[in-house]
Structures are given as C-alpha cells and as structure tokens.
Amino acid sequence: MTPPPPPNGVASMIRQSPSLPDSPINRDILSVMKGASAGYWLLLLTAVGFVHLAGGIWIYQVYKGLGIAGYAHPVFWGAYIVTFVFWVGIAHAGTLISAILYLFRAKWRNAINRSAEAMTVFAVLTAAQFLGIHVGRIWKSYFILPYPNQRGLWVNFKSPLLWDTFAISTYATISAVFLYIGMIPDLAIARDRATGLRRVLYSALSLGWQGTSREWKSHNRTVLHLSGLATPLVLSVHSVVSWDFAMSIVPGWHATIFGPYFVAGAIFSGFAMVLTMMIPVRRIFGLEAYITDYHFENMSRFLLLTSIIVGYAYCAEYFIAWYSMAEPEQSSFWYRAFGPYWISTWCMIIFNAVLPQLLWFKRLRTNLPFLFGLSVFINIGMWFERYVIIITGLSREYNPAVWGTYTPSWPELGIVAGSFAFFCMLFLIFLKLFPVIAIAEVKEIAIHEKEHPDGSWEHAHVYEEVH
Amino acid sequence: MPTVLGVFRQPLHLARAAEVLRGRGYTDLEIFSPVPSHEIDHAIDEKPSRVRIFTLIGGLTGVVTGYAMTIWMAYDWPIMLGGKPFASIPPYTIIAFELTILFGGLMTALGLFAVGRLPKIRLHPAYHRRFSAEDFALLVECRERDVSEIDGLLRDHRALEVSVVPS
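Not measured: the values here are computed from a predicted model. (Residues numbered from 1 in each chain as written. Chains lettered and ligands numbered in written order. Predicted model: local features only at pLDDT ≥ 70, side-chain atom pairs only at ≥ 80, totals over all residues.)

*Asks:* How should I be thinking about the overall build of chain A in this particular structure?
*Replies:* Tallying secondary structure elements over chain A gives 17 helices and 0 strands in all. For 467 residues, the compact-globule estimate of 2.2 N^0.38 gives 23 Å, and chain A sits close to it at 25 Å. Its C-alpha atoms put chain A at 100 × 55 × 45 Å along the principal axes. With 467 residues in all, chain A has 47% of them scored as buried. Taking contacts inside chain A between residues at least 6 apart in sequence as the whole, the part at least 24 apart equals 82%. (Helix = DSSP H or I, 4+ residues; strand = E, 2+ residues; numbered from the N terminus. Rg over C-alpha atoms; globule rule 2.2 N^0.38 Å. Buried ≥ 20, exposed ≤ 12 C-beta atoms within 10 Å, placed from the backbone. Contact = placed C-beta atoms within 7 Å.)

Have a look at this one:
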C-alpha cells in the first residue's frame, strides 16, 4: 500500500521526513530560554520586589518633594545624577563590543555581543529614569524637549543638558535598533522551534525572516552601517555627559580631559558589568563551549587597558591641579583626598586604578572567581568615581559662605538600589525570552571552520576578493 | 513554473552550484541560509546592497534637521547675550551630530526592511526549520523541461537532496 501523496507539496514532505537532528548550537543556546528553575523565579521575584519598593519610595518622594533627598546647599546634584552617569557608563560596553569590535573584525565578540547589547539597552533605560527622578516634578520633565507651546518659547540649545537629552535619546534608540536588527535571524531560529504563544511572538518579531540572499545581504550591510554610526555615537555620548560637568566652572569639573576620561571610564565599567553578569550566566546555563576562558581573558585585557587610561586620568587631574597654581582647583583636589569624602576617593582610586593591575598576570585573567570579584569591586569603584567628581566638586566651590556637605538620604539610596534591581529584572526576563548568544554569528564561525579546517577565515575572504 | 529545491550542507558547494546555474542562464535563484556567506552572496548577486542609499539620505536629513531646527528656534525665541549672534554654531553641531546618527540609523533600519523585503507575512512553502539549523537551500525557478537538467547539476555539486516544489 502506497502512502497518500503529501497534501502540501515538498515542504510538508520534508516535515514528515525522519526528524533531522537540530544544530547543536541552536539546541545549546535556545536551551537557556527553556523552563525556569525555582532559583530563577526567586531571583526574578526578588528583583521585581525591590523595583516595587523603589517605586514606592519614588512615589513618596513625589508626594513629599525633593526635600527628602539629602541635598545640602550648594549640592543639588546628588546620588541620582551619580547613578545616572553610572548607568550611562555601563551602557557603553555593549556598543563598543557590537560596533567597534565589529568594525575591527574581532571575531571573539560573537560570544558576548548579544548580552552586552541587551545590557546597553537596559542600562540606558535605567539611566533615563534618573533624569525624571532627579527633576523631582516628574510631570514637568517634558520641558526639556523642544515642543511648540503657547508661550512661543524654545529650549536653549546652548545648554549641555539639552545636548545630553539628544545624546541619551539617540543612544537609547540606536542601541535598541541595533539589538533588534542583530537579533532578527536568531528570532527566526527561535520561531522555527517554538510552539504556542512563543511561536506567535517570535513569528511577529522575526518578520518572516528566511535567510534569503537578499535578506542576508541587506542585513550585513545594515549591521555594518549601524556599526559605523554607533562608533562615533558611543564616543560622543559619554563625552556629552562629561560636558554636563566640564562646561561649568566648578573646580574639579572644569577640565578638558573629561571627554576621554569619561569614555574610558564608561567602557571600563561596562566591561566590568558584562563580566559580573556573564560569569554566573555561563556557569548556570552551561555555556562554557561558547563563552570560553579566551573571551574572558580578552575582556580582562580591555579592563586592564581602560583601567590604565582611567588611572592616568586620575593622575593627570591631580597634576594639573598642582601645576595650574589655581588655588580653588588645588584645594578642591586636596579636599577630595583628605576631606570628609576621603573614603569614596580612595575606594575609587584603589578599585579602579590599583586593583585591576593584577590583570597583568595571565593566571588571574583566566581565573573566573577572581574576575567576578574584581568586576564587582570595579562596579563599586566606578559608582564612587562619579560620586567623588559630582559631590566633592559641588560641596566646595569658590565662596566658603556657600560650602555644604551632602550625604545621600535613605530614599535616595533606596531608589539607587532599586535601579540595580530594575537592571537585573530586565536582564533576567531577557534571558528567558531571547537568545543570549548571537546564534547565527557563532554558527557562521563554526560552519566556516568546518569548511576551512586549516583555520584561515581571513584566507577565505582574500580568496573571495581576488576572484 | 516549477521550482527545484536543492539542499546543501556547505555554503561553498551551494555557491558553486549557483554560479554554474547562472552560467547556464538560470538566473531566478533564491536561497535559504542559516548563516551569512560571502561566497553565496557573490554567486547569487554581486551587486552591492542598496541599504547604503538609505543611510546616506537619513544622515543628511539628520544633519540638516539638526542645524535648521536649532538655528530657527534660536531666532524664533532670541536670547540677547552681549550682542552676540543668536545662533551659536559650535553647540548646535552636537545636536546636528546626534540627529545625523539618529536619522541615519533609523533610515538604515528602514533600508533593511525595504531592500531585504521584510516583513514577510507568509513563509515560502519550501522553507523548513532545517534551513535555520545547518542546511542550505538553493531554489531554482525554471521551465518544466529543464527540471531534470537542474536536478543533475545540483546533484553534481553535492546537493544532499533535490526535490520539486509545486507552485
């Protein structure tokens, strides 16, 4: 007896053919998204709980006003701005990995670019909230946008705060576009293997991607152009953030080194955050085959390089303060190291410039528990760096009659803690909804290595160019 | 018009098959590939993608918008400062720069959708999840009488399976 002809042509024939083994790369990486252990739910619920707690504190602040923050005249930029700069900094590693390393053809970025890009988007989202929290009267925060109004009035584009608005919103938009565009082929992979509601979600998000030559070709081009656009963007965003300070004449702020100093610090803290998040993720989900010691060693080298730049900037600031013979500048830096904020200052110097020097040793660069611990210290140190710059600068300006000492109040610290919970919450949700490693890119390397066992990826390209 | 589907394991084999087919005059080729491949791109269509036009237009629109908006707003709400001109070009360059990136990036994304013909409502009937695993598909649109020739050519170039997709 012959089987009835397949109703839907060859496509259904293939579907009925003995089930083909799926690609192990798909299987391994998609397995991260499957199911969720009790530990995961516990972590997620803790994060959600803290986010709600912080939300409650914020509502309390809106009700009572900014008086409940620890502001002490003349320090009216406090923990909120510190945390805003901190999160914008964290965002920088993602774009560096996905755009700059893409342009430099650094293949090792494939294992970490997706998670780092996601962290970029989440960190910018976290940072952006602090602008609204900091202004206090949240219902007036739209005043920063140029919108037509009955007073015939426009925003002042000569203000660095306006530049910041444009830089941050551009950064949020472009990094989200970058993350999504890069993920489309992987969403198609997920679509082909999902059922039920997830299939509907991935079908919609993958836009009917089939990997045709037209699709891949324009996709490659798009990623290249977005990288080309995002590379100057990533360098500009933290420069613009630094100009919020450098454009003023506050001692300790008014420095031309601030642009590169902030950008290096941002990349430094961003890489530290990628390490903090990815070392546990790799361990928990068994991704050792994809995120190898080699990747961690390369990230450690970036940490070391940027740590040296940051350390240089610390030294340069002190040197220029001494060399300038400007008394307010000199006393500001003396106050930094030996005034009431000395703990923050020495935390910043030791955690950011001294401790990372241990990464000169290869054995420590590949020692993951050490790297995890170091990355946590760097995160703390980088928060303190912004704290030191912002608070000590403001609390001792030129006129001793308007000196003040600021200490963060409990609502501020609660909201700052909530921002970490918010970031972790978004990342935890991301882990279960989207592929945490760029599957198609990892597979591209795997297939290429299979075709060119002599290991010459570049060789293949040269061959192609010649023909 | 029948469509012949050849399944390959390696992109190089598919690229060679596509090159031979194009040499024989079968230009209506389509692929499903799990990974991007320069070899395949060159074999199917060597023209550079037109996404670049979108980026250019977006970037230029952004830089013009950035300067035009800031300068116009400076004159619409003039702030007199020491007799200096109302519009101050250096700070406005920052806005123009950010809008260049913003518009350029968004137009590039739009370019992907326009040039890559996305989104597609329906998947091709021959599409299968194996083509998002590790298999590569080459689809050849041809006349009825050419099917057997293409079948032979595909098999000669190490196609694992060849079948006909009814239209």
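*Asks:* What exactly am I supposed to notice about helix 14 (residues 368-395) of chain A here?
*Replies:* For an α-helix the count is 3.6 residues per turn, leaving residues at separations of three or four pointing the same way. Counted at 1.5 Å a residue, the expected span for helix 14 of chain A with its 28 residues is 40 Å, and the 40 Å between its end C-alpha atoms agrees. Of all the 28 residues making up helix 14 of chain A, 20 are buried; the element is thus mostly covered by neighbouring parts of the structure. (Expected span 1.5 Å × (residues − 1).)

*Asks:* Looking at this model, I keep getting lost on the pairing of strand 3 (residues 136-141) of chain B. Mind explaining?
*Replies:* Regular strands show a simple pattern: their side chains alternate between the two faces of the sheet. Residues and elements named next belong to chain B. Bridge count between strand 1 (residues 3-8) and strand 3: 6 bridges; the pairing is antiparallel. Residue pairing in the sheet places G6 in a bridge with L138 of strand 3. The sheet contact formed by strand 2 (residues 29-32) and strand 3 spans 4 bridges and is antiparallel. Pairing of F32 across the sheet is with A137, part of strand 3. (Pairing = 2+ DSSP bridges.)

*Asks:* Quick question: what am I supposed to make of the interface of chain A and chain B here?
*Replies:* Much of the literature gives interface size as the accessible area that the parts lose upon coming together. At the interface, 58 residues of chain A touch 67 residues of chain B. Mapped onto the side of chain A that touches chain B, the elements with two or more residues apiece are helix 1 (10-16), helix 6 (160-193), helix 8 (213-246), helix 16 (439-451) and helix 17 (457-466) of chain A. The element best represented in the side of chain A that touches chain B is helix 8 of chain A, accounting for 16 residues.

*Asks:* Just checking my understanding: could you explain unusual backbone geometry for this structure?
*Replies:* Backbone geometry follows two general trends: most residues other than glycine have a negative phi, and most peptide bonds adopt the trans configuration. Here H73 of chain A and P74 of chain A are connected by a cis peptide whose omega angle stands at 5°. Within the element layout of this structure, P74 of chain A appears in the loop between helix 3 (38-64) and helix 4 (79-103). Going from L118 of chain B to P119 of chain B, the amide bond is cis rather than trans, its omega being -5°. In this structure, P119 of chain B sits in the loop between helix 4 (89-115) and strand 3. Of note, the phi angle at R117 of chain B is positive, near 55°, even though the residue is not glycine. Along the chain, the position of R117 of chain B falls in the loop between helix 4 and strand 3. On the neighbour-count criterion, R117 of chain B (14 C-beta atoms within 10 Å) is partly exposed. Backbone geometry places R158 of chain B, a non-glycine residue, at a positive phi of 65°. Relative to the elements of secondary structure, R158 of chain B occurs in the loop between helix 5 (147-156) and strand 4 (161-165). Judged by C-beta crowding, with 15 C-beta atoms within 10 Å, R158 of chain B ranks as partly exposed.

*Asks:* Can you help me understand the packing of helix 9 (residues 258-285) of chain A against helix 14 of chain A in this one?
*Replies:* The description of two packed helices rests on the angle between their axes and on the distance between the axes. Residues and elements named next belong to chain A. Relative orientation of the contacting elements helix 9 and helix 14 amounts to 140°, with a least axis distance of 8 Å. The angle between helix 9 and helix 14 falls in the class oblique. The hand of the helix 9/helix 14 crossing is left-handed. On helix 14, the residues that touch G265, F268, S269, A272, M273, L275, T276 and I279 of helix 9 are L368, L371, F372, S375, V376, I378, N379, M382 and E385. (Axes fitted to C-alpha atoms, helices over the stretch in contact; angles between N-to-C directions. Parallel < 35°, antiparallel > 145°, perpendicular 65-115°, else oblique. Left-handed = near helix turned anticlockwise from the far one by under 90°.)

*Asks:* I'm lost on the confidence of the model for chain A in this one. Help?
*Replies:* Caution is warranted with low-pLDDT regions, since their predicted coordinates should not be read in detail. All names here are of chain A. Scored by pLDDT, chain A has a mean of 89; 93% of the residues are at 70 or more. Across residues 1-18 the pLDDT falls below 50, and counting only partners more than four positions away or on other chains, this stretch makes 18 contacts in the model. Scored below 50 in pLDDT, residues 456-467 makes 9 contacts in the model with residues more than four places away or belonging to other chains. (pLDDT = per-residue confidence, 0-100.)

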